[in-house]
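The residues making up each chain are set out below.
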Amino acid sequence: MTDDPFEAIKVTFFQECDELLGDLEAGLLAIESGEGDDETVNAVFRAVHSVKGGAGAFGLEDLVRFAHVFETLMDEIRSGRKPCDDPTVKTLLRAADLLADHIAAARGHAPPVDEPRSAALVAELEMLTHGEASAPAAPAPVAAPVVAAAATDDEDDFGFRPIAFDMSSLEAPSAPVEAAGETWRVVFRPHARMYANANETGLLLRELSRLGPITVALDDSALPGLDDLVAEESYLTWTVDIETPAGEAGIREVFDFVESDCELTVSPAADADDAAAPEATDDFDIAALLAKAMVDPAAAAPEPTPVTPEPARMAPAAPAAPVAAAPAPITAPATPASSAITIRVDLDRVDRLINVVGELVIQQAMLAQRVVESGLARSSGISVGLEDLELLTREIQDSVMAIRAQPVKSVFQRMPRLVREVAEMTGKRVRLVTEGEATEVDKTVVERLAEPITHMLRNAIDHGLESPDDRVAAGKPAEGTVRMVALHRSGRIVIEISDDGRGINRDRVRGIAVDKGLIEADAVLTDEEIDNLIFLPGFSTAETISDVSGRGVGMDVVRRSIQALGGRISIASTPGKGSTFTLSLPLTLAVLDGMVVSAADQTLVAPLTAIVESLTPRPQDIHHVGGHDAVIRFREEFVPLIDVAMVMGFRAEPAVPASGVAVVIETEAGFRAALLVDAIQGQRQVVIKSLETNYQQVEGVAAATILGDGRVALILDVDAIVANARRRSARPELKLAS
């Protein structure tokens, strides 16, 4: 994080831009799908308006000019003067993309936007707004000067120059408004809450100057003495005479977002000629005032020197509509309605906090281990204190995890646009249905979900869904449906992506795998194994290479991405009806509630969320299928009995089941199995350490952890262990309980 306050504010602005761009695209997609209403259109307008206003504060002129044209068209649409038909929405979506490019360029994350590309889209927007594209015009100064320009050669500590607020030096808007028009008088008195909401008088005056020539008078008669001055209060009243064809509606639009936070009157100047104007202060330099308002007084630059021959002073005040014979007394601002208060925190700080809390969990476990080894009674003061420490540590851990929790909406809301574009590229009609957008998961998981979900959606549309003609011939609606659902299940987040297309053609998949040498021609594979062939590197069912697919890169990337997150992916497909891909991911990559077990003198951890029950096997409950595959009776059903020590390679001979403990687990797919271990040591919260990062990926192992005695223990991937056992013993006579 930078120590420069101005840069810190700029970083916050760009963070807000990310949120505004998300709202903008979501609103446009809702309008395109026919689900938008007047509030949706207003939300899109507000998003563009907010970007434009913030960009103006930082002098990002390219961004301001483009956003202004975008905003103008949205204003025409929200006022009902322009229809929001399908071609218009498509243009607005492209404008949203270009607006994002302008923001990325201003942020320094991308090269400057190609000027011909931007100009071409500006012409399209102006064509939709005015019926014809406005001819490019050089920036022209405002006809009537407002204040004499004041500038210094040196920037102050925040990078501002006082000349930035000189109304006579502002460029003309992209679609210049002719000066001819009726003269209006605007009397404007901000309330303190307007400034508290990060609005600025100087920006409002600048927006007014875009409508036509303005003359400004300032009434500071309500300004108290220094001893009585309240920094958070507002004491100034502004009177502006403006000549513009925009009318009262256009003027009030400038104050659209602050009208409830100020006293505002707009009337024809002719009607106010008989009223007394507020007495303006002589020799008052607005440029200097606005410049000082934007900088730290302690770091203010030297008094600016006027660059014009005449001294900087207010323009002559025209008679104004009466505000009050005497200034009204300043009262305490009304207490706003209570709302959630949030702060922005650098993610690195949260990560460091999580790491420290993880170490705290390890140290707490070590202390508990030492107390047990010392033989202290559980009723001793030290033991009781350690139990309280354990509860407190758990509460701290849960609270820190909640800080990082984020809804998957941030990923889901990007996908409608992707679906629309891929559907257009493939010539298919697709409807995307999303559910569970509010499901929360660790921010790190959310950020890394976008790429695999993107691959899967493209795959579902390109390979899964049929063309409209083929769907109609098969008795299906011409429009295909892709469904994306997020939910919590057994302490994990599950994301299901399904389609109602043709399903997986297993004969074709098998044939491609044989042709590519991925499997032997005489290999005996189950349906599940054939489906999983699509995850092999280089595998592709696309017949031709296109912008969407056909290069052999896709589902293998998805599987690697999911495995890197400690998750897994499974497939369920029915020919002619569609396919469902299920992603199962941990809620957090930091901690895990587990059952510590021992197998062949090795200490292992089984995720507590997967455990159904533990029991001591009885000889009469143990049976063998085919003479070698052990099963155990569990609640009147038989489930596979898997010797963990043998599967992990800790011993070569199977253990006697009756001498150990069977831990019944349930996989994400709903299959049950019993893991045979030597003993259960107890339940414990452990800190997850990536084994792949520090060593390499190991089959059947999800991660590692550090125990209270300092030893490293492996965290079992129970789904992988069960899947391997099922593949080895897949026989029709064994029906797994589910």
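Described below are features of the structure shown in this document. (Residues numbered from 1 in each chain as written. Predicted model: local features only at pLDDT ≥ 70, side-chain atom pairs only at ≥ 80, totals over all residues. Heavy atoms only, no water.)

### Describing the overall build of the protein chain
Point 1. Looking only at helices and strands, the protein chain has 22 helices and 24 strands in total.
Point 2. A separation threshold of at least 6 residues defines the contact pool for the protein chain, and within that pool the share at least 24 residues apart is 71%. (Helix = DSSP H or I, 4+ residues; strand = E, 2+ residues; numbered from the N terminus. Contact = heavy atoms within 4.5 Å.)

### A look at the nonpolar core
Point 1. Within the largest apolar cluster, 44 residues are counted, with the highest numbers of intra-cluster contacts made by Ile453, Met456, Leu457, Ile495, Ile497, Ile534 and Phe581.
Point 2. Setting aside anything within four residues of it in sequence, one finds Ile534 in contact with Val509, Phe539, Met555, Asp556, Ile571 and Phe581.
Point 3. Counting 39 residues, the second-largest nonpolar core is a separate cluster that includes Leu20, Val51, Leu92 and Leu98. (Core = buried A, V, L, I, M, F, W, Y, C linked by side-chain atoms within 4.5 Å. Buried < 20%, exposed > 50% of the residue type's maximum accessible area, 1.4 Å probe, protein only.)

### Here we look at the environment of Thr426
Point 1. Inspection of the secondary structure assignment puts Thr426 in helix 13 (residues 415-426).
Point 2. Taking C-alpha positions, Thr426 is 8.4 Å from Ser467, a pair spaced 41 residues apart along the chain.
Point 3. Engagement of the side chain of Thr426 in a polar contact is seen with the backbone oxygen of Val422, the distance being 2.9 Å.
Point 4. Within polar-contact distance, the side chain of Thr426 engages the backbone oxygen of Ala423 at 3.3 Å. (Polar contact = N/O pair within 3.5 Å; in protein donor to acceptor, adjacent residues only side chain to side chain.)

### Observations concerning the side chain of Gln406
Point 1. Looking at where Gln406 falls in the secondary structure, it is placed in strand 7 (residues 405-407).
Point 2. On the accessibility criterion, Gln406 (19% relative accessible area) is buried.
Point 3. With residues up to four places along the chain from it excluded, the contact list for Gln406 reads Thr439, Glu440, Val441, Lys443 and Val446.

### As for a nonpolar patch on the surface
Point 1. Taken together, the side chains of Leu223, Leu226 and Leu229 present a nonpolar region at the surface, about 310 Å² in accessible area.
Point 2. Checked against the element boundaries, Leu226 lands in the loop between strand 3 (214-219) and strand 4 (237-244). (Patch = residues over 30% accessible without salt bridge, like charges linked within 9 Å, V, L, I, M, F, W, Y side chains within 5 Å. Areas by Shrake-Rupley, 256 points an atom, 1.4 Å probe, with all protein chains shown as cover. Salt bridge = Lys/Arg side-chain N within 4 Å of Asp/Glu carboxyl O.)

### Here we look at the sheet that holds strand 16 (residues 611-615)
Point 1. In spatial order, the strands read 16-20-21-19-18-17; together these six strands make up an open sheet with mixed pairing. On the outer flanks of this sheet lie strand 16 and strand 17 (622-625), each paired with one strand and no other. When strand polarity is set aside, the average angle formed by the axes of neighbouring strands in this sheet is 35°.
Point 2. Of the strand pairs in this sheet, strand 20 (residues 661-666) and strand 21 (residues 672-677) are connected by six bridges, and their pairing is antiparallel. (Pairing = 2+ DSSP bridges. Axes fitted to C-alpha atoms, helices over the stretch in contact; angles between N-to-C directions.)

### Here's the deal with unusual backbone geometry
Residues other than glycine predominantly adopt negative phi, and peptide bonds predominantly adopt the trans conformation.
Point 1. Look at Arg635: it is not a glycine, yet its phi comes out positive at around 50°.
Point 2. Along the chain, the position of Arg635 falls in the loop between strand 18 (629-634) and strand 19 (637-643).
Point 3. Since its relative accessible area comes to 59%, Arg635 is described here as exposed.

### Some remarks on the side chain of Thr91
Point 1. Following the sequence through the fold, Thr91 ends up in helix 4 (residues 86-107).
Point 2. For Thr91, a relative accessible area of 8% corresponds to the buried category.
Point 3. The residues contacting Thr91, other than those within four sequence positions of it, are Leu121, Glu124, Leu125 and Leu128.

### Looking at the packing of helix 10 (residues 347-374) against helix 11 (residues 381-404)
Point 1. Two numbers describe how helix 10 lies on helix 11: the axes approach to 10 Å, and their chain directions differ by 160°. As summarised for this structure, helix 10 and helix 11 are arranged roughly antiparallel, according to the angle between their axes. Here the hand of the crossing between helix 10 and helix 11 comes out left-handed.
Point 2. Residues of the contact of helix 10 with helix 11, tallied by class, amount to 17 nonpolar, five polar and three charged. (Parallel < 35°, antiparallel > 145°, perpendicular 65-115°, else oblique. Left-handed = near helix turned anticlockwise from the far one by under 90°. Nonpolar A, V, L, I, M, F, W, Y, C, P; charged D, E, K, R; others polar.)

### A few points about helix 19 (residues 555-564)
Point 1. When helix 19 is considered as a whole, its buried residues turn out to be Met555, Asp556, Val557, Val558, Ser561 and Ile562.
Point 2. After helix 19 finishes, the residue Gly566 shows a positive phi value of roughly 75°.

### Examining the pattern of salt bridges
Point 1. Under the criterion given, the structure shown has 33 salt bridges.
Point 2. Among the ionic pairs, Arg94 bridges to Glu124, the shortest N-O distance being 2.5 Å. Here Arg94 is found in helix 4, whereas its partner Glu124 is found in helix 5 (residues 115-130), with 30 residues between them in sequence.
Point 3. When its relative accessible area of 38% is taken as the criterion, Arg94 is described as partly exposed.
Point 4. Residue Glu124 is classed as partly exposed on the basis of its relative accessible area of 32%.
Point 5. Glu207 is paired through a salt bridge with Arg210; the nearest N and O atoms lie 3.4 Å apart. Here Glu207 pairs with Arg210, and both are found in helix 7 (residues 201-211), just three residues apart, close to one helical turn.

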